[in-house]
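Summary of the model geometry
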Amino acid sequence: VNANLKLELKNTVRPAVSGKAIVGQTLTANPGTWAQPDAAFTYRWLAGGKVIANATAPTLTVSKSHLGKKIQVEVTATKAPYAPSTKVSKATATVGYASSISVKSKAKGNGKVEFAVKVKSRSKAARGKVAVYANGKKLKTATLSSKGKVTIKVSKQTRGEQTYTLKYSGSGKAAATSKTTKVTVK
């Protein structure tokens, strides 16, 4: 047996990042699960696949320099006599500024519902797409106008009180967001 051969620490659950990829928010690294207990962890944060200088804490405050990039954390586990092992988390959503979505809904009769949607980010009109969901199923997607507005019409809806979720997918410098609303379908 080769005495110089070291066993490597085994990762059983990949590291993860929690928090929202929004400028000004804090992301937190979860080192994942390792087969060997009591391992020590070091962290390196990545933006767009590139190492962020001096970002070695278990948390990261998202900054303007991260706009338009996805964030990951690289975790290195160490414990003697094992060789160190490094794993990288899945990427976050694309970093953007916080956005808000406002929805006005109206039952139009015959199972038709109309949603007037407005999305803003940093007090400016947001761009991108908004999708309407009912019971987890996507009904329709529409593109926001240059004023950050769109009217979405859905038909053949079940009568009575229904719950809809409108999801803005994010675009450019605006982070994804959603809003849930109830409508009494006629």
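Since this is a predicted model, take the numbers as computed values, not measurements.

1. Describing the overall build of the protein chain
- Regarding its fold elements, the protein chain presents 0 helices and 17 strands.
- Against the compact-globule benchmark of 16 Å for 186 residues, the protein chain has a radius of gyration of 22 Å, which places it well outside the compact range.
- The principal-axis extents of the C-alpha atoms in the protein chain amount to approximately 80 × 35 × 20 Å.
- Within the protein chain, buried positions represent 39% of all 186 residues.
- Considering only intrachain contacts with a sequence separation of at least 6, the fraction spanning at least 24 residues in the protein chain is 56%.
- With an accessible surface of roughly 11100 Å², the protein chain has 49% of that area assigned to carbon and sulfur atoms.
- Once the 35 positive and 5 negative side-chain charges of the protein chain are each reduced to a mean point, those two points are 16 Å apart.

2. Describing the packing of aromatic side chains
- Scanning the model with the defined rule gives 2 aromatic pairs in all.
- A ring pair is formed by W34 and F41, whose centres lie 6.2 Å apart and whose planes are at 45 degrees; its orientation type is tilted.
- Judged by its relative accessible area of 29%, F41 is partly exposed.
- On the basis of an interplanar angle of 65 degrees and a centroid distance of 5.2 Å, the ring pair of F115 and Y164 is categorised as edge-to-face. Of the two residues, F115 sits in strand 11 (residues 112-121) while Y164 sits in strand 16 (residues 160-168), which places them 49 residues apart along the sequence.

3. Brief notes about the sheet that holds strand 9 (residues 85-88)
- On the basis of which strands lie adjacent, the open sheet formed by 4 strands has the order 6-5-8-9 and antiparallel pairing. Edge strands, defined here as strands with exactly one partner in the open sheet, are strand 6 (50-51) and strand 9.
- Across 4 bridges, the pairing between strand 8 (residues 71-78) and strand 9 is antiparallel. Within strand 9, the position partnered with V75 by the bridge is K87.

What counts as what
Residues numbered from 1 in each chain as written. Predicted model: local features only at pLDDT ≥ 70, side-chain atom pairs only at ≥ 80, totals over all residues. Heavy atoms only, no water. Helix = DSSP H or I, 4+ residues; strand = E, 2+ residues; numbered from the N terminus. Rg over C-alpha atoms; globule rule 2.2 N^0.38 Å. Buried < 20%, exposed > 50% of the residue type's maximum accessible area, 1.4 Å probe, protein only. Contact = heavy atoms within 4.5 Å. Areas by Shrake-Rupley, 256 points an atom, 1.4 Å probe, with all protein chains shown as cover. Lys, Arg positive; Asp, Glu negative; His and termini not counted. Charge placed at Lys NZ, Arg CZ, Asp CG, Glu CD. Phe/Tyr/Trp six-rings, centres within 6.5 Å; stacked < 30°, edge-to-face > 60°. Pairing = 2+ DSSP bridges.

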